[in-house]
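One letter stands for each residue in the lines below.
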Amino acid sequence: MKRVLVLFVLLMLPGVLCAGSLQVVATIYPLAAMVKAVGGDRVEVTTLVPPGVSPHGFELRPSHVEAVHRASLLAKVGAHLDDWLDKAIRGKGKKVFVLSRGLDLDAGNPHVWLDPFMVEKKVPELVGLLSQLDPSGTDYYRERGRQFQWELEQITAKIRALFASMPCRCYVAQHGAWHYFCRRFGLTCLGVVEEVPGKEPGPRRFMSLLKLIKKHAPVLLFASKGENPRAMEVLARDSGGVLVTLDPLGDPSDPEKRDLVSLLLYNARRIYHGCTRR
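Before going into details, it helps to say that this report is about the structure given with it. (Residues numbered from 1 in each chain as written. Predicted model: local features only at pLDDT ≥ 70, side-chain atom pairs only at ≥ 80, totals over all residues. Heavy atoms only, no water.)

Some points on the nonpolar core
Core analysis: the largest hydrophobic core is formed by 74 residues, its most contacted members being Phe181 and Phe222. Of the residues forming this core, the biggest block, eight residues, is contributed by helix H10 (residues 260–276). Leave out the neighbours within four places in its chain, and phenylalanine 222 touches Tyr171, Val172, Ala173, Gln174, Trp178, Cys182, Met232, Val244, Leu246 and Ile271. Within the second largest apolar cluster, 15 residues are counted, among which are Val172, Leu190, Phe206 and Val219. (Core = buried A, V, L, I, M, F, W, Y, C linked by side-chain atoms within 4.5 Å. Buried < 20%, exposed > 50% of the residue type's maximum accessible area, 1.4 Å probe, protein only. Helix = DSSP H or I, 4+ residues; strand = E, 2+ residues; numbered from the N terminus. Contact = heavy atoms within 4.5 Å.)

So this is what it looks like as structure tokens:
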């Protein structure tokens, strides 16, 4: 009898996972991590794009479509990064959290999840959507939202302190994934190797970047995990730049990258150590 009573009390506590948890589908893992940070045990989140796979041009499988149709809430980046989701939800009347909507984007660059300030601005909207779908959890979502915002502010301060004395202030990236992150933390972009993700640069562009890297040395070269690094490796070899492989998407199986805050710190440390070990 006591066991039954204890189980009943636990099930009544806010945030305890039960069969009625909200089903959420996120296009990429950083979004899933954001939803989990706010939703806690009251949400069950499915990620469509696996770790290490580029979301650019991703194709949904039938199992993905089934998960989308079962979900109460969908989370996408928007800004054309994950438009492939739209066909699956058209006419379904689903609630959709769009991370990039309402944010000040540069040339349509969608990689806003790598800027903790931009993520923090969207937390109240996410809290509101979860509360609409699960009114009994409103206080729980609000408290977790405030905690997540505080964590984002703390990691912003920590990364700024880490970069304060770093001599490398310029970088060249494989593509535009690191624009918002580096702008937030005071690093200057000299250019990107792939203007279109996956399309290698022509000789003229390659030579232009080579000259810039030599002129502004020391320069960091950011390759992205899951992307073909060949052009970045050649550029690093010919220019003397420091090649650093970063992960914009995270991995739930890796303790260093299994939530959004730890993912930001992981990449900041990769940048710092890449600079200081040169």
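Re the environment of glutamate 125
Tracing the backbone through its elements, the reader meets glutamate 125 in helix H5 (residues 116–133). Classification of glutamate 125 as partly exposed rests on a relative accessible area of 31%. With 74 residues separating them along the chain, glutamate 125 and lysine 199 place their C-alpha atoms 35 Å apart.

Structural notes on H10
The end-to-end C-alpha distance of H10 is 25 Å, a good match for the 24 Å that 17 residues give at a rise of 1.5 Å each. Where burial is concerned, most of H10 is hidden: 12 out of the 17 residues are buried. Those residues of H10 lying buried are Leu260, Val261, Ser262, Leu263, Leu264, Leu265, Tyr266, Asn267, Ala268, Ile271, Gly274 and Cys275. Next to the buried residues of H10 lie helix H2 (29–39), H5, helix H6 (138–163), helix H7 (179–184), strand S7 (219–224) and strand S8 (242–246). The opening residue of H10, the one whose side-chain oxygen lies 3.1 Å from the backbone nitrogen of valine 261, is aspartate 259. (Expected span 1.5 Å × (residues − 1). Polar contact = N/O pair within 3.5 Å; in protein donor to acceptor, adjacent residues only side chain to side chain.)

Some words on the state of the cysteines
Cysteine pairs can be linked by a disulfide, which is a covalent bond between their two sulfur atoms. As enumerated under the stated definition, the model contains one disulfide in all. Here cysteine 168 connects covalently by a disulfide to cysteine 275, the sulfurs 2.2 Å from one another. Judged by the sign of its S-S torsion, about 90°, the cystine formed by cysteine 168 and cysteine 275 is right-handed. Of this pair, cysteine 168 sits in the loop between H6 and strand S5 (170–173) while cysteine 275 sits in helix H10; the two residues are 107 residues apart in sequence, bridging distant segments of the chain. Taking relative accessible area as the criterion, cysteine 168 reaches 0% and is therefore assigned buried. (Disulfide = S-S within 2.5 Å.)

Examining the pattern of salt bridges
Within the structure shown, the criterion is met by 12 salt bridges. Across the pair lysine 76 and aspartate 86 runs a salt bridge whose closest N-O atoms are separated by 2.7 Å. Separated by 10 residues along the polypeptide, lysine 76 in strand S3 (residues 73–76) and aspartate 86 in helix H4 (residues 86–89) bring together distant segments of the chain. Residue lysine 76 is classed as buried on the basis of its relative accessible area of 7%. (Salt bridge = Lys/Arg side-chain N within 4 Å of Asp/Glu carboxyl O.)

Let's talk about the sheet that holds S3
Pairing between sheet strands relies on hydrogen bonds along the backbone, with the strands arranged either parallel or antiparallel. Read from one edge of the open sheet, four strands run S2-S1-S3-S4, paired in parallel fashion. Looking along the sheet, the strands with just one partner apiece sit at the ends: strand S2 (43–47) and strand S4 (95–98). Within this sheet the neighbouring strands show an average axis-to-axis angle of 25°, counted without direction. Sheet analysis places S3 next to S4, joined by four bridges and oriented parallel. Across the sheet, alanine 75 pairs through a bridge with phenylalanine 97, a residue of S4. (Pairing = 2+ DSSP bridges. Axes fitted to C-alpha atoms, helices over the stretch in contact; angles between N-to-C directions.)

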